[in-house]
Every structure is written in structure tokens, then in C-alpha cells.
Amino acid sequence: MRKVYLDNAATTALSPKVLEKMMPYLTDIYGNASSPHSFGQTARIGVEHAREQVARAINADPSEIVFTGCGTESDNTVLFGVAERYAKKGDHIITTNVEHHAILHSCAALEKKGIKVTYLPVDKDGLVTPEQVRDAITDKTILVSVMFANNEVGTIMPIPEIAAVCHEKGVLFHTDAVQAAGHIPIDVKAMGIDMLSISGHKFHGPKGVGVLYERKGIRLPSYIIGGEQEKGRRAGTENVAGIVGLGEALELAVTNMSETSARMTRMRDRLIEGIESTIPEVKLNGHRTKRLPNNVNFSIKYIEGESILLMLDMAGIAASSGSACTSGSLDPSHVLLALGLTHEVAHGSVRMTLGDDTTDEDIDYVLETLPKVAHRLRAMSPISPID
């Protein structure tokens, strides 16, 4: 049976080149990077090289890069840190209703502590506008957090324009760039980004390591307390091999971005066009053009997404119905509901996300298999008007 992995938004395969860079730090270079002896300092060289790689990739200064355990930790650090650090200035945070739960659940926790949160609605394509942000800012606003690109439907937000509004109003701007980093260009200086979150396993790096970009002049309180690692900004013994892998993976992704993006966009659009031409009553979710080059998200009416995924898996195709972080939930995607879909249509959603290893033959196989799956499930559905 052919195996096709189209769940790269959940996680990506570790690149062999990245593994090769990591291996010495899993075997011979095992010192603690905070130790003063030669074993530790050799490990420290790997950490600092990775810091430089990440900084170059997003046009930051290495001193502005903090290594974390994941994108969720980076998001949490920003929200709780800003709320504490700027409590005397205000108690209002602005975000959107399509953010990852690392943001939404953190905001809910902050609301219980007395922080006021405005959740901006998006349009039918998943976009929020700079004007919405401007209208929502008050003299008590301390942070605006808008994701760079949506993890479910792939819509890319107008980040530079939103950041400009925030700076005009004297408000800090953070973006969750976990899905965007390594896939589309990011320039924190040119785009006016104050803080940014990244996760290594979204661009063929290792799991268990992330990045928080924190612009100079912003000194958030430590979220994880203990030692003086990361210059006192994030305690805990450094995951040296993971950090080295993240740096290498991001550098490779940025170096090959133009070529990879063009190839993925072509396959993405072929997959979209193929689904729309072979399966009736389908709806593309997310913006048609302002979307990540590897993201395809459809709602197939009159059938359950869970059933589609199970049958695709039986055919060797791995896809998803939304964020892997909420796969245990029976509720429809909050993102799709925010786009205006009904519960019934949202339940019939399928997300397919391409990776570096995806081929044209993989797309051919999906376009051969998915229409058959949809036809079979609709034939069994008591509510489907389609034969």
C-alpha cells in the first residue's frame, strides 16, 4: 500500500541533514552547556551557533533569541509575562478568535486573574484587519497577539500592517509564527514584530524545542524559574541536540524557501483544483491565495470528517480534521465555526498539509482516492442528497 503523509501542520519528519547535525550532541558532545569546562563549552558553541542561525533566519539579533521547550511555552511566556510586566500600564489584551489554544487558553486563564481580553472576529476567509485592531485598542491595552498564519486553514494575516497600528498606538505586538516559520518569509525588524513564537518540529526539525524572539528593550519575567540558563530568561538545562537541530532545520528551510514554496504552492493548487472538480458540494476553507503554500482545508458536505480520515488512513493517507492539539475533542473546530461554517459542515472538514517529501505522485494518489471515499460515505449517509 502506498503511504502518503499529509499532516505536516501537526508535525514534520526530521530531516536527515538535521539529524546528522544533531548526532554528535547525542553521543560525543554530551557536556552541560552551562558548565565552564571544555566539555560544557564545546556544547555551548553548538547552542550559540544555533542562536545565530535562528537570528539570521528572521533578521533578529542573537541576543534577542531565547530557546524554549516548544511554541506553546513561548506563547505562554509572552501572555503571562506581558500581563505581569506591564500590569501598571494596563489590563487589556487583544487577540483573535482563531488563535491556537496555546493563546486562547492562556487568555482564558488571564481573564480569571482580572485581565480583560478582546477576541476579534475574522471574516469568512479567516482574516482580521488592521482597522479592527485599531478600533479595539484602548489606553489600557498592553498587548496585541495575532497569529502569523492559521494552523488549520492556512490563512496568512496582514502582520506588518497590524504591527504598524500597534506601534502607532504604543502597544506591544506578538505573533504566533509556529506554522509560518520556515514556510514564508519573516523579517521581525521590517515587519515591526516585538515578540514571536516558533516551534522546531514544524519545519523538519526536532520536537521538544522552540524559540521566543523578544525584541531588545522588552524584558519579560521568567516563566520557568530555576537556574540562569538563557541569561536568566528561561531556566532549565539546555536541550543542546534539539537546539542545534532547530537552528539547522530553520536555516535549511529559509535557504530553500523560494524553491520549496513554489513547488508546494503548485501541488497545493493542483490538489485544491482536483478536489473541487471531482467532488461535488465541497468548500475550501481559508483564503484562496493568502494561505500557506502547503495548506489545503476542505469541508465535504453531508459526511463526517472523522469517517473520511479513517478511510483515508486505511488507504495509507494521513490527514487531519484540524489541530492535533484538540484531536481528542468531539466539538467542531473553533476556527471553522469562526469562519461562519455550521456545525454540520465544520464536522466534515479535512486538512491536508504538504511537506518537503510530498511528491506529485502523492497528489495523484490522493486525487484518485479521496473522491472514492467521499462517494462511498455519501452513499451510506441518510442525509446526503448526492448519489
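Everything that follows concerns the structure shown earlier in this document.
The text that follows walks through the structure, step by step, so that each part is easy to find. (Residues numbered from 1 in each chain as written. Predicted model: local features only at pLDDT ≥ 70, side-chain atom pairs only at ≥ 80, totals over all residues. Heavy atoms only, no water.)

## What about the overall build of the protein?
If you tally the helices and strands in the protein, you get 13 helices and 12 strands. Expected size for 387 residues packed as a compact globule is a radius of gyration near 21 Å; at 21 Å, the protein falls within 12% of this value. Its C-alpha atoms give the protein principal-axis dimensions of about 70 × 55 × 35 Å. Counting across all 387 residues of the protein, residues that qualify as buried make up 58%. Considering only intrachain contacts with a sequence separation of at least 6, the fraction spanning at least 24 residues in the protein is 73%. Here the protein carries 39 positive and 48 negative side-chain charges, and the mean point of each set is 3 Å from the other. (Helix = DSSP H or I, 4+ residues; strand = E, 2+ residues; numbered from the N terminus. Rg over C-alpha atoms; globule rule 2.2 N^0.38 Å. Buried < 20%, exposed > 50% of the residue type's maximum accessible area, 1.4 Å probe, protein only. Contact = heavy atoms within 4.5 Å. Lys, Arg positive; Asp, Glu negative; His and termini not counted. Charge placed at Lys NZ, Arg CZ, Asp CG, Glu CD.)

## Quick word on helix 2 (residues 38-58)
In this model, helix 2 (21 residues) spans 31 Å end to end at C-alpha, consistent with the 30 Å of a helix rising 1.5 Å per residue. All of the buried residues in helix 2 are Gly40, Ala43, Arg44, Gly46, Val47, Ala50, Arg51, Gln53, Val54, Ala55, Ala57 and Ile58. Structurally, helix 2 contributes buried residues whose contacts are with helix 1 (16-26), strand 2 (65-68), helix 7 (188-191), strand 7 (195-199), strand 8 (210-214) and helix 8 (240-255). The first or second residue beyond helix 2 is Asn59, which carries a positive phi of 60 degrees. (Expected span 1.5 Å × (residues − 1).)

## Some words on the side chain of Arg268
One can find Arg268 in helix 9 (residues 257-278). Here Arg268 falls in the buried class, since its relative accessible area comes to 5%. Polar side-chain contacts of Arg268 include one of 3.2 Å to the backbone oxygen of Arg291. Once residues within four sequence positions are removed from consideration, Arg268 is found in contact with Arg288, Arg291, Leu292, Pro293, Asn295, Val296 and Leu354. (Polar contact = N/O pair within 3.5 Å; in protein donor to acceptor, adjacent residues only side chain to side chain.)

## Observations concerning the pattern of salt bridges
Where charged atoms of side chains with opposite charge meet at close range, the side chains can pair. The final tally for this structure, using the stated rule, is 21 salt bridges. Of the charged contacts, one joins Arg44 and Glu238 as a salt bridge, the two residues approaching to 2.7 Å between their closest N and O atoms. Of this pair, Arg44 sits in helix 2 while Glu238 is found in the loop between strand 8 and helix 8, placing the two residues 194 residues apart along the sequence. Here the two residues Arg44 and Glu238 agree in accessibility, since each one is buried. (Salt bridge = Lys/Arg side-chain N within 4 Å of Asp/Glu carboxyl O.)

## Structural notes on empty space enclosed by the protein
Taken as a whole, this structure holds 1 cavity of 30 Å³ or more when the rule is applied. In this model, the largest cavity occupies a volume close to 40 Å³. If you trace the largest cavity, you find it lined by Val66, Thr77, Leu212, Glu214, Leu220, Pro221, Ser222 and Arg233. Residues of the lining of the largest cavity, tallied by class, amount to 4 nonpolar, 2 polar and 2 charged. (1 Å grid on protein atoms, 1.4 Å probe; cavity = no way out; pocket = protein on both sides within 12 Å on 5 of 7 lines; lining within 4 Å. Points joined across faces, edges and corners; volume = space filled by probe spheres on them. Nonpolar A, V, L, I, M, F, W, Y, C, P; charged D, E, K, R; others polar.)

## A closer look at the sheet that holds strand 9 (residues 282-284)
Strand order in this open sheet of 3 strands is 9-10-12, and the pairing throughout is antiparallel. The sheet is open, and its two borders are formed by strand 9 and strand 12 (349-353), each paired with just one other strand. Within this sheet the neighbouring strands show an average axis-to-axis angle of 25 degrees, counted without direction. For strand 10 (residues 295-300) and strand 12, the ladder comprises 5 bridges, and the chain directions are antiparallel. By the bridge assignment, Asn297 is partnered in strand 12 with Arg351. (Pairing = 2+ DSSP bridges. Axes fitted to C-alpha atoms, helices over the stretch in contact; angles between N-to-C directions.)

## Observations regarding the state of the cysteines
Within this structure, the stated rule accounts for 0 disulfides. Summary of cysteine pairing: Cys107 is not part of a disulfide, and the nearest cysteine sulfur, belonging to Cys166, is at 14 Å. (Disulfide = S-S within 2.5 Å.)

## Some remarks on the packing of helix 3 (residues 71-85) against helix 4 (residues 101-112)
At their nearest, the axes of helix 3 and helix 4 sit 9 Å apart, and the two run at 30 degrees to each other. The orientation of helix 3 with respect to helix 4, classified from their angle, is roughly parallel. Helix 4 is crossed by helix 3, and the crossing has right-handed handedness. When helix 3 is examined against helix 4, the residues Thr72, Asp75, Asn76, Leu79, Phe80 and Ala83 are found in contact with a partner set consisting of Ala102, Ile103, Ser106, Cys107, Ala109 and Leu110. (Parallel < 35°, antiparallel > 145°, perpendicular 65-115°, else oblique. Left-handed = near helix turned anticlockwise from the far one by under 90°.)

## Structural notes on the packing of aromatic side chains
For the structure shown, the criterion picks out 2 aromatic pairs. Ring centres of Tyr30 and Phe39 lie 5.9 Å apart, and the angle between their planes is 35 degrees; on these two criteria the pair is classed as tilted. Between Phe80 and Tyr223 the ring centres are 6.2 Å apart and the planes differ by 15 degrees, which places this aromatic pair in the stacked class. Pair noted here: Phe80 is in helix 3 and Tyr223 is in the loop between strand 8 and helix 8, with a separation of 143 residues, a long-range link. Overall, the relative accessible area of 38% leaves Tyr223 in the partly exposed class. A cation over an aromatic ring shows up here: Arg85 above the ring of Tyr86, its NZ or CZ 5.0 Å from the ring centre. (Phe/Tyr/Trp six-rings, centres within 6.5 Å; stacked < 30°, edge-to-face > 60°. Lys NZ or Arg CZ within 6 Å of the ring centre and 35° of its normal.)

## Re the pairing of strand 10
With 6 of 6 residues buried, strand 10 lies mostly within the body of the structure. Taking every second residue as pointing to the same face, both faces of strand 10 are buried, with Asn295, Asn297 and Ser299 on one and Val296, Phe298 and Ile300 on the other. Direction of pairing for strand 9 relative to strand 10: antiparallel, over a ladder of 3 bridges. Opposite Leu284, over in strand 10, you have Phe298 as the bridge partner.

Worth remembering: the numbers are spatial, not functional.
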